[in-house]
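Per-entry structural report
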Amino acid sequence: MLLTEYTSRTALSLQGCPVFVVKDALQDTAEMFCRETRILRETIDVPIVAGTDTYTLYPNMSDAAVAETLFARIGDDHIEPITPDIASRLIAGTGDPEFIEQTASNQIRLIPAPKADATLRVTVILTPSLTSASLPSALDQWREGIRHGAIARLVSIPDQPWSNAQTASTSSGLYAAAVRDAQTKSTLGNRKVTLRVQSSS
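Residues numbered from 1 in each chain as written. Predicted model: local features only at pLDDT ≥ 70, side-chain atom pairs only at ≥ 80, totals over all residues. Heavy atoms only, no water.

This next bit is on the overall build of the protein. When helices and strands are tallied, the protein shows five helices and eleven strands. Counting only C-alpha atoms and orienting by the principal axes, one finds that the protein spans roughly 60 × 35 × 25 Å. Relative to its 201 residues, the protein shows a buried fraction of 44%. A sequence separation of at least 24 residues applies to 72% of the contacts in the protein between residues at least 6 apart. When the accessible surface of the protein is summed, it comes to about 10,300 Å², and 51% of that surface belongs to carbon and sulfur atoms. The distance from the centre of the 18 positive side-chain charges to the centre of the 22 negative ones in the protein is 5 Å. (Helix = DSSP H or I, 4+ residues; strand = E, 2+ residues; numbered from the N terminus. Buried < 20%, exposed > 50% of the residue type's maximum accessible area, 1.4 Å probe, protein only. Contact = heavy atoms within 4.5 Å. Areas by Shrake-Rupley, 256 points an atom, 1.4 Å probe, with all protein chains shown as cover. Lys, Arg positive; Asp, Glu negative; His and termini not counted. Charge placed at Lys NZ, Arg CZ, Asp CG, Glu CD.)

Applying the stated rule across the entire model yields two aromatic pairs. With centroids separated by 6.1 Å and ring planes inclined at 40°, the aromatic side chains of F33 and W142 adopt a geometry described as tilted. In this pair, F33 sits in helix 2 (residues 19-37) while W142 sits in the loop between strand 10 (118-128) and helix 4 (143-155), placing the two residues 109 residues apart along the sequence. As far as burial versus exposure is concerned, F33 and W142 are alike and both buried. By relative accessible area, F33 is classed as buried at 0%. (Phe/Tyr/Trp six-rings, centres within 6.5 Å; stacked < 30°, edge-to-face > 60°.)

Our next topic: the sheet that holds strand 4 (residues 77-78). Taking strand neighbours across the sheet as the criterion, the four strands line up as 1-10-3-4 in an open arrangement whose pairing is antiparallel. Every other strand in the sheet has two partners, leaving strand 1 (41-48) and strand 4 as the edge strands with one partner each. Two strands pair when backbone bridges link them, and strand 3 (residues 64-74) and strand 10 are joined in this way by nine bridges, in the antiparallel orientation. By the bridge assignment for strand 10, R73 is matched with R121. Packing against the sheet, helix 2 makes contact with strand 3 and strand 10, and its axis sits at approximately 135° to strand 10. (Pairing = 2+ DSSP bridges. Axes fitted to C-alpha atoms, helices over the stretch in contact; angles between N-to-C directions.)

Right, let's get into empty space enclosed by the protein. Tallying each qualifying case throughout the model produces one cavity of 30 Å³ or more. Roughly 50 Å³ of internal volume is contained in the largest cavity. For the largest cavity, the full set of lining residues is Q27, D28, E31, P128, S129, L130, S132 and L135. Per-class residue counts for the lining of the largest cavity are three nonpolar, three polar and two charged. (1 Å grid on protein atoms, 1.4 Å probe; cavity = no way out; pocket = protein on both sides within 12 Å on 5 of 7 lines; lining within 4 Å. Points joined across faces, edges and corners; volume = space filled by probe spheres on them. Nonpolar A, V, L, I, M, F, W, Y, C, P; charged D, E, K, R; others polar.)

Written out as structure tokens, the structure is:
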């Protein structure tokens, strides 16, 4: 669904709420939904080059961005995902990669840089891109739940013309039900697609 249509429909339930506020709430809620449920998950084979530590991923799924790295391995060797804070304390160099850091939305870094060409297999979580004009079609069956999550967030703001405690409770429950449903489906099967990859110096 186009984000403009989605926003207009949601705004009807929020009399007096600025449209841009509704749009931001929908985007934030959709991202939170994806992070909570891990429903948009892809496993990627990344060709890595000796001496190059940073790689950019380009999802085939339209209007999506890489949000989190879950698992990674080179052959039988597990590569541990780490936070930027931990990565900043490690000594860079060249060798057998032990850690993987997500440095930006669609960018990863191996620590240390690989000493030989190989294939990195990495599983990531996707969320809607901040610049997307629509939500990914893979979220279609939960778009009402996401809409209710955004409504719950906005009507919980105190002292606004659209504030409504009863609606907040009802919409929160509908959002929570959508999250539970997506979490169940996420454990039953995950998407596997090929992504276009390039090294970044």
